[in-house]
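What follows is each chain in one-letter form.
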Amino acid sequence: MGFEQNKDLLGLRELSRKDIELILATAMPMKDIIRRDIKKVPTLRGKAMVTVFYEPSTRTRTSFEIAGKYLSADTVNLAVTTSSVQKGESLRDTIKTIEVMGFDLMVIRHAMSGTPHYAARNTRMKVINAGDGANEHPTQALLDMFSIKEKKGTLDNLKVAIVGDILHSRVARSNIYGLSKFGCEVRVVGPSTLIPPEIEKLGVKSYYSLDEALKGVDVINVLRIQRERQQVGLFPSLDEYANLYMLTPRHLLQARDDVLVLHPGPMNRGVEISSDIADSNAAVINEQVTNGVAVRMALLFLMMGGSKDEIAD
Amino acid sequence: MRLLIKGGRVIDPANGLNAVMDVLLEEGRITAVEKELADNSAEIINAKNKLVCPGFIDMHVHLREPGQEYKEDITSGSRAAAAGGFTTVCCMPNTEPAIDNAAVASFVRERARKTGLVNVFPIGAITRGREGNELSEMAELVAAGCVAVSDDGRPVMRADVMRNALEYAKMFGLPVLAHSEDLHLSREGQMHEGYYSIIYGLKGIPAAAEEVMIARDIMLADLTGGNLHVCHISTRGAVELIREAKEKGIRVTCEVTPHHLILSDEVVDGYDTDTKVNPPLRSEEHIAALREALQEGVIDCIATDHAPHHRESKDCEYVLAAPGISGLETAVASIMDKLVSPGILNLEQMVRLYTTGPAEILGIDRGTLSPGKVADLTLLDPKLVKTVEPSKFYSKGKNTPFKGMQLKGWPWMTIREGIIVAREGEIIG
């Protein structure tokens, strides 16, 4: 039965179009729950989940936590940087310790690509990748796709431009994998030092000119630019970056009239996105956050919902 | 003690032999290689359907002793070598302390002598503490039995130091073994930079990180007339640079590992840390170039870069995992199965790459079956099919991406100085 049989969600690369559709369809009623006065359903009562974040994060961690709570799962957050790592414990032992406390599902974020895969191999818990290095951030891409589908009515055959640091972006990779499964034309645009040439082998088109990349697009996904990339010499200054790649109202003229602007947050206003755009009607940046909770509720439900037999008990 | 090896196919490239012949060994020496030898007092080994070759040499292994005996020691490494069909290995100086002085070199020689399974020649450090600044006392290292110098594991980043090393080592006829890596280009790299590093989201190590250093060192070898040997080449550009240098008459040799000849960067999928190695597994185009260079003779020898690691160094996040592959016990079988069986290399070429190739680079009196020479022999069973089972390795390092692979053509017997030290993959005595 599609996704329900998967133990883990590690990336969109290995997820089928059918599975993505199931998750997005399940997220719709979840979004209704969030809007209710009483935002709690008993679906996951008796289930326990833990978020283990090896990288600082506010919105993703909070989003998973509240998604679990709306579904009545017991939710615990582990701030790893302040505990076991300082004591020199290996990841494998940390995971084992968590597992034997009885958790059903672990949400993990890590600065190193492949760490959720390593975790998944070493535990019976179900594992959700909440972002690993420059590899994938599947739930972000799922919420982006949910937001697009909600506004556009479809995901099929859209033109989507992803702007910024493609080289280091897990959000870009997951979006590329996900959108490609719906026949979207995905374009990536940014400075040449942050656009690896091999990226085109993933079926995307790469651009160095923002104006060119935005011609006729339905969606623009603006990535957060990280200051440390400038420090290691990948571009000369934030000023120059902003001059070349900051999304402003002028750029939107290139895109379709009903273009949608996404940003995974947190935003650097005045660097990759101008306030005019961030606060415009084209931007759905705040709604993305709500959709993130809905999509994560859908995932938790699909992964921990249990069988029909259990419900019958 | 006399051994008569009867009925095997003798492959001895140095003497142009590839025929069914008998080999007589007496008092640790080869005394005759002829058809239909008879000797009533000798122990007879029936080598029918086996290949009888000079003892295989692996000029690039890490035995970890002294200092990291939890990864490997000279005894376990010697056992792995003998079981893997090698009679001679050269061990790299990245030990703790480093082999940068006579005392440590002598210690390694003495420990190897006591183990007594294979010849172990130490390689001395190019620079004190392998720090890349001051030259080590090479005369002393030579006197203590070192056959080459290398800072392997690290490049000599300073061009002036490398120049002096090539110049100085020339006096002793010592080859300088270069680990070619520009550390600024490879910084934080986890795998080959290319399509798959994009897919797996891991920081890539471009081929150029290796090639710029090889280009530099070739120019320095040309400048100094020194004897440059490039370790574990892995790229098309490396092949082209070395081919061109050889054509110009510059003294440069090179080696390639079995894993760089056989496995591509695609196998990093799933983040199996056993695939992490430096230089990294490259893409198919590089593999094709390396294979072509082997056939042409641009590459002088195959060496394993045997890098055993403890489980904890590999059972972790990919980025944190130590690079390296435990190679001694799969080297021969992987080359037999993946290169000889499909006809990419013929048997003479393969034997040359494991015998006269490294012997000539190092200037050691090994690698042939000429009567009078030391009786080091490697016998292969070209028909034997076995699955790679790391848990059965003699090496303490179980880290191999070849695990679970079924391979055809394995070492059958290892004879060192006329004594059988391993038989059918098992150590004798």
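What counts, and at which threshold
- Residues numbered from 1 in each chain as written.
- Chains lettered and ligands numbered in written order.
- Predicted model: local features only at pLDDT ≥ 70, side-chain atom pairs only at ≥ 80, totals over all residues.
- Axes fitted to C-alpha atoms, helices over the stretch in contact; angles between N-to-C directions.
- Helix = DSSP H or I, 4+ residues; strand = E, 2+ residues; numbered from the N terminus.
- Parallel < 35°, antiparallel > 145°, perpendicular 65-115°, else oblique.
- Left-handed = near helix turned anticlockwise from the far one by under 90°.
- Contact = placed C-beta atoms within 7 Å.
- Nonpolar A, V, L, I, M, F, W, Y, C, P; charged D, E, K, R; others polar.
- Buried ≥ 20, exposed ≤ 12 C-beta atoms within 10 Å, placed from the backbone.
- Domains from an automatic or database assignment.
- Pairing = 2+ DSSP bridges.

Colleague: Can you explain the packing of helix α2 (residues 59-70) of chain A against helix α12 (residues 285-304) of chain A? Please cite residues and give values.
Modeller: All names here are of chain A. Two elements in contact, α2 and α12, have axes separated by 8 Å at closest approach and are oriented at 55°. Compared by their axis directions, α2 and α12 come out oblique. You can see that α2 and α12 cross each other, and the crossing is right-handed. When α2 is examined against α12, the residues Arg59, Ser63, Phe64, Ile66, Ala67, Gly68 and Tyr70 are found in contact with a partner set consisting of Val289, Gly292, Val293, Arg296, Met297 and Leu300. Its residues placed into classes, the contact of α2 with α12 shows eight nonpolar, three polar and two charged.

Colleague: Which residues make up unusual backbone geometry, and what are the values?
Modeller: Residue and element names in this part refer to chain B. Here the residue pair Glu96 and Pro97 is connected by a cis peptide bond, since its omega of 0° sits within 30 degrees of zero. As for its position among the elements, Pro97 is in the loop between β7 (86-91) and α2 (102-115). A cis amide bond links Asn278 with the next residue in sequence, Pro279, at an omega value of -5°. Relative to the helices and strands, Pro279 is located in the loop between α9 (258-262) and α10 (284-296). Despite not being glycine, Asn49 has its phi angle at roughly 65°, a positive value. Mapped onto the elements, Asn49 comes out in the loop between β4 (43-46) and β5 (51-54). Given 13 C-beta atoms within 10 Å, Asn49 falls into the partly exposed group.

Colleague: Give me helix α13 (residues 347-354) of chain B: which residues, what numbers.
Modeller: Where α13 of chain B is concerned, the buried positions are Met350, Val351, Arg352, Leu353 and Tyr354 of chain B. Elements in contact with the buried residues of α13 of chain B: β1 (2-12), β5, β6 (56-61), β15 (301-302), α12 (331-340) and α14 (356-362) of chain B.

Colleague: Can you lay out the domain arrangement of chain B for me, pointing to particular residues and giving the numbers?
Modeller: All names here are of chain B. Here chain B is described as being made up of domain 1 (2-52 + 374-392 + 406-427) and domain 2 (55-362). Each of domain 1 and domain 2 has a C-alpha centre, and these two points are 27 Å apart. Each partner contributes residues to the interface: domain 1 has 22 residues there, and domain 2 has 24 residues. Elements supplying a minimum of two residues to the side of domain 1 that touches domain 2: β16 (377-387), β17 (406-416) and β18 (419-423). For the side of domain 1 that touches domain 2, the leading source of residues is β17, giving seven residues. The residue inventory of the side of domain 1 that touches domain 2, partitioned by class, reads 14 nonpolar, five polar and three charged.

Colleague: An account of the sheet that holds strand β10 (residues 176-178) of chain B is requested, with residue identities and associated values reported.
Modeller: All names here are of chain B. Strands sit in the order β9-β10-β13-β14-β15 across an open sheet of five strands; the sheet is parallel. Strand pairing shows two members of the sheet lacking a second neighbour, β9 (149-150) and β15, which therefore form its edges. Pairing of strand β14 (residues 252-256) with β15 involves two bridges; the strand directions are parallel. Paired with Val256 across the bridge in β15 is Ile302.

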